[in-house]
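Read off the chains here:
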Amino acid sequence: MKDLFEIIDKPQNFPYCPGCGHTSIDMALARAIFELNLEKEDVLIVSDIGCVGLVDKLFNVHTLHTLHGRSTAVASGVKMVDEVLFDNKLKTIVMIGDGGATIGLLHLVESAKLNVDITVLIHNNFLYGMTGGQHSGLTPKEFKTSTTRIGNPFEALRIIDILKNSGASFYARTFSQDPDLKDIIKEALSHRGFSVIEVLELCTGYATRYNDLKGSDLKIILENSGGKIKEKIERESFCFLYKNKFFDKKGEFEFTEIEVEKKIELKDSLKIVIAGSAGEGVQLASSLLCISAILGGLNSTQKNDNPVTVGSGFSVSEIIIKDGDIKYTGIEEPDYLIITSIDGLKRAKGFIERSKNIIIDESLTDNKNFIKVPARKYIKLRGGPTYFSLGVLFGKFNPFDFELYEKAILKYGKAKDETLTCFREGLNFGRRL
Amino acid sequence: MKIFTNGGELIAKGAIDAGVRFFAGYPITPASVIYEPMMRDLPKVEGIAVGASDEISAISYCIGASLRGIKSMTATSGPGFSLMIESLSYAIMSEIPITIVLAQRLGPATGGATTSSQGDLLFSAFSSSGSYPLPIISPSSIEECYELIIHSVNVSEFLRTPVVFLTEKEITMTKKSIDLNSLKKPEVLERKYFSGNGQFKTYNFKDLKDVPDFSPVGGKFLTRYTGSAHDKKGELKKDDPEVIEVLYHLKEKILKNIDKFLFYEYFEKKSDILIVSYGVTSESVREVAESKKVSYLILKTLYPLNEEFLKSIFGRYKKILVVEENIMGNLYILIRHLLGTKGYSLTKIGSLISPGEIKNFLESI
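Residues numbered from 1 in each chain as written. Chains lettered and ligands numbered in written order. Predicted model: local features only at pLDDT ≥ 70, side-chain atom pairs only at ≥ 80, totals over all residues. Heavy atoms only, no water.

1. Looking at the overall build of chain A
Then, number 1: Secondary structure summary: chain A contains 15 helices and 16 strands in total.
Then, number 2: Here the C-alpha atoms of chain A give a radius of gyration of 33 Å, more than 25% beyond the 22 Å that 2.2 N^0.38 yields for 433 residues.
Then, number 3: With the principal axes as the frame, chain A shows a C-alpha extent of 95 × 50 × 35 Å.
Then, number 4: Split into buried and exposed, the 433 residues of chain A put 59% on the buried side.
Then, number 5: Put simply, 66% of the contacts in chain A that link residues at least 6 apart link residues at least 24 apart. (Helix = DSSP H or I, 4+ residues; strand = E, 2+ residues; numbered from the N terminus. Rg over C-alpha atoms; globule rule 2.2 N^0.38 Å. Buried < 20%, exposed > 50% of the residue type's maximum accessible area, 1.4 Å probe, protein only. Contact = heavy atoms within 4.5 Å.)

Next up, the structure:
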């Protein structure tokens, strides 16, 4: 690159107010890019909303103008791909004001945490300049703005402290007239990992209108609010770890694959509802029932219902088994209703009158028409009451080959021996009924 | 080979087969069943799957990844989609391909996380500020998730636009036995890259309906992407006729090209009655048609709709019943001006609409 003005427009063409710190920051950035001898195509400026967002057309590099506060997150998306899937050459610089930094604070925190290789320049002019000089989260105490005419009653957010504690591996704080600014930016751009520089500046449109300040006071504000900072920490990035740890394991998509063992006959569809308590293995036991049907060359569906928690309240599975295509997956009239707990009983109330056969834990009812079984005796095993009840169903009604359920347990189940024992005891219990 | 799976896994598998290599997610029922397999299986094909700190980050990461040139996707439900819509507008405006899976649950607000619903068609169709068209594609069965997510990624890449893949809890989370060989895999389309002939402009087009050639940030042609009003070069501008032209282009690009992606299933029987549906409710409609003398039209491209096509079918029937699982009759509202006095709306929330309920309704009209 021969000429600085190949990468940046001439300062007299800048759109900012005379004396605005943005001009100084842009010039420092341009010189940093120039002195680092970066190719234009290897630089991306991601700009946020506000006067800071006018930067795009000044730079002859890739530019990306985003939504308010989202610049850091969009830049991080670009950079994750660039680092993990490409050659990690793209220098990505986020130009953000104090509005963007606070509206998108979580993005800054998260990108610092992941140590994404971007450089963030926070243009902190203590207020929202473009919209009329209103106070921001970074307005110092006693500072006057159009919305804090008698002085801001709150301390400013110490954004560099927040990002330092979030894991930023390079963080600095200075002011726009600092002669070192260019070198600090150069250092940030050369740093591998998340780098952030907070640059204090005065909005000549509003800060100097409401406060008795001149440009040289900026240094005093800096000194009074934590001073100049520059720290660097070597730390691995999320992208580095991702590439090196996650890409080892090549392989196929992990479906639950089932080889059909034999073709069994089933005249009508089977509709089974299993209602129990969440955390008691209802859904796995139900999945094994579906899988056993698939092993027998049949089709099955399993529609689950549970409250928002997975370990409390009811858990219900509606299972349809059919020799043919299943379309609607709901069940109105179950052929079999299994109820293994009080939660299940409450939830299954609507099914009881419409069920042909009901298998229920003996503690839950006195109704003579129900098949009462000692299901909860098997509660020590996760899913025990359901496996036992399903054993009863197979033992008494023999809907299809029970051995297929045993095979499903052995191939796809958990705690296989105990599960098999539960199921077989149910099977024997059912056969005696 | 048979698999026992749910719509969520089929969406994940389809997305990977469509070439998606970047996924960002935030957990939410009933879309977590897409997030989890993407985290598990995307690294195996050297793709990036990342957990974001919220849905705004998730979609923003996807936008960034897509701009670097990688097919990107996220998945959420109503509450998360609500957070995403500012960025969705951004992707429309800056012409960035991304696919957003919206797995519907009972709403509004947090609603019912584990209860299915079809209440977000109007919400998503009209979610952009300024009201610019956004393609919406919806699978009508669990197995169709695979095929239609590939089409969705194709539409987003081909038209350089965000696409909403609209589905429901009972599609993403219900498990089903599926013959792996029966899944249909459409041809995978790629976004058109600028070839280097002529001057590169980020938003270049001749006709309003043209899709501008893409070039990634970090590529050899300098790019200017922006969500603000801009000219064809991507320069932020206001008082320039080209800026308004670019905005009309955003509409024409979708409306004039979407017919290449018009997905539907029309089942015709000698009957006076047509049932119109989409999503999970379509399975009930198919079952009704097995025993009743009715025709049905299942829409899979839900927005924008081709009104001429719909009129040509609606003209053949005396009564047209729109069935869907929401309160307002979302699809009914979209098409009622085409139905006139022939239209009937059957809606319900709280549980699936059963074939029996549709049959009962048919008796009453």
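2. Here's the deal with helix H2 (residues 32-41) of chain B
Then, number 1: Of all ten residues in H2 of chain B, seven are buried; the element is thus mostly enclosed.
Then, number 2: Of the positions making up H2 of chain B, those classed as buried are Ser32, Val33, Ile34, Tyr35, Pro37, Met38 and Asp41 of chain B.

3. Concerning the interface of chain A and chain B
Then, number 1: Of the residues lining the interface, 70 residues belong to chain A; the matching set on chain B comes to 71 residues.
Then, number 2: Carbon and sulfur atoms make up 60% of the surface buried where chain A meets chain B, a total of about 6,000 Å² over both sides.
Then, number 3: Summed over the three residues of chain A that lose the most area to chain B, namely Phe253, Lys327 and Tyr328 of chain A, the buried surface amounts to 13% of that side.
Then, number 4: Counting the contacts that link chain A with chain B gives seven salt bridges.
Then, number 5: Our count for the contact surface shared by chain A and chain B stands at 34 residue pairs in polar contact (both at pLDDT 80 or more). (Buried area = accessible area lost by both parts, 1.4 Å probe. Salt bridge = Lys/Arg side-chain N within 4 Å of Asp/Glu carboxyl O. Polar contact = N/O pair within 3.5 Å; in protein donor to acceptor, adjacent residues only side chain to side chain.)

4. Focus: the packing of aromatic side chains
Residue and element names in this part refer to chain A.
Then, number 1: Tallied over the full model, the rule gives 25 aromatic pairs over all chains.
Then, number 2: Their ring planes at 55° and their centres at 4.7 Å tell us that tyrosine 242 and phenylalanine 246 sit as a pair that is tilted. Of this pair, tyrosine 242 and phenylalanine 246 both sit in helix H9 (residues 238-246), four residues apart, which is roughly one turn of that helix.
Then, number 3: Take tyrosine 242: its relative accessible area is 1%, and that puts it in the buried class.
Then, number 4: Using a relative accessible area of 40% as the deciding quantity, one classes phenylalanine 246 as partly exposed.
Then, number 5: Centroid distance tyrosine 242 to phenylalanine 247: 5.6 Å. Interplanar angle 85°. Geometry classified as edge-to-face. (Phe/Tyr/Trp six-rings, centres within 6.5 Å; stacked < 30°, edge-to-face > 60°.)

5. A word on the nonpolar core
Nonpolar side chains tend to gather and get buried jointly when the protein is soluble and globular.
Then, number 1: By size, the foremost hydrophobic cluster in this structure holds 135 residues, and its most contacted members are Ile122 of chain A together with Phe22, Met38, Met73, Phe314 and Ile335 of chain B.
Then, number 2: Tallying contributions element by element places helix H6 (residues 144-159) of chain B first for this core, with eight residues.
Then, number 3: With near-sequence residues (within four places) excluded, phenylalanine 314 of chain B lies in contact with Leu274, Val276, Leu297, Ile320, Ile335, Leu338, Leu339 and Lys342 of chain B.
Then, number 4: Judged by nonpolar contacts, the second largest core, of 43 residues, contains Ile338, Leu381, Tyr387 and Tyr405 of chain A. (Core = buried A, V, L, I, M, F, W, Y, C linked by side-chain atoms within 4.5 Å.)

6. Examining the environment of alanine 49 of chain B
Then, number 1: With respect to the helices and strands, alanine 49 of chain B occurs in strand E3 (residues 48-51).
Then, number 2: For alanine 49 of chain B, a relative accessible area of 3% gives the class buried.
Then, number 3: Along the sequence, alanine 49 of chain B and phenylalanine 22 of chain B sit 27 residues apart, while their C-alpha atoms lie 5.8 Å from each other.
Then, number 4: Once residues lying within four places of it in the same chain are set aside, the contact partners of alanine 49 of chain B are Tyr242 of chain A together with Phe23, Met38, Met39 and Leu42 of chain B.

7. Notes on the sheet that holds strand E11 (residues 270-277) of chain A
Then, number 1: Strand order in the open sheet formed by nine strands is E10(A)-E1(B)-E9(B)-E12(A)-E13(A)-E11(A)-E14(A)-E15(A)-E16(A), with mixed pairing between adjacent strands. A single partner strand is all that each edge strand has here, and the edge strands are strand E10 (257-258) and strand E16 (371-373) of chain A.
Then, number 2: In terms of strand pairing, E10 of chain A meets strand E1 (residues 2-6) of chain B through two bridges, oriented antiparallel. By the bridge assignment, isoleucine 258 of chain A is partnered in E1 of chain B with lysine 2 of chain B.
Then, number 3: Helix H13 (residues 384-397) of chain A contacts E11, strand E14 (336-339), strand E15 (357-361) and E16 of chain A of the sheet and is inclined by roughly 135° relative to E16 of chain A. (Pairing = 2+ DSSP bridges. Axes fitted to C-alpha atoms, helices over the stretch in contact; angles between N-to-C directions.)

8. Examining unusual backbone geometry
Then, number 1: Here glycine 107 of chain B and proline 108 of chain B are connected by a cis peptide whose omega angle stands at 5°.
Then, number 2: Counting through the fold element by element, proline 108 of chain B comes out in the loop between strand E5 (98-106) and strand E6 (112-116).
Then, number 3: For the bond from tyrosine 303 of chain B to proline 304 of chain B, the omega torsion is -10°, close enough to zero to count as cis.
Then, number 4: The topology assignment puts proline 304 of chain B in the loop between strand E14 (301-303) and helix H10 (307-314).
Then, number 5: Residue asparagine 37 of chain A is not a glycine yet carries a positive backbone phi of 60°.
Then, number 6: In this fold, asparagine 37 of chain A is placed in the loop between helix H1 (21-35) and strand E1 (43-47).
Then, number 7: Positive phi values are uncommon outside glycine, yet asparagine 115 of chain A reaches one of about 55°.
Then, number 8: Within the element layout of this structure, asparagine 115 of chain A appears in the loop between helix H4 (105-114) and strand E4 (119-124).

Any functional reading would require information beyond the geometric quantities listed.
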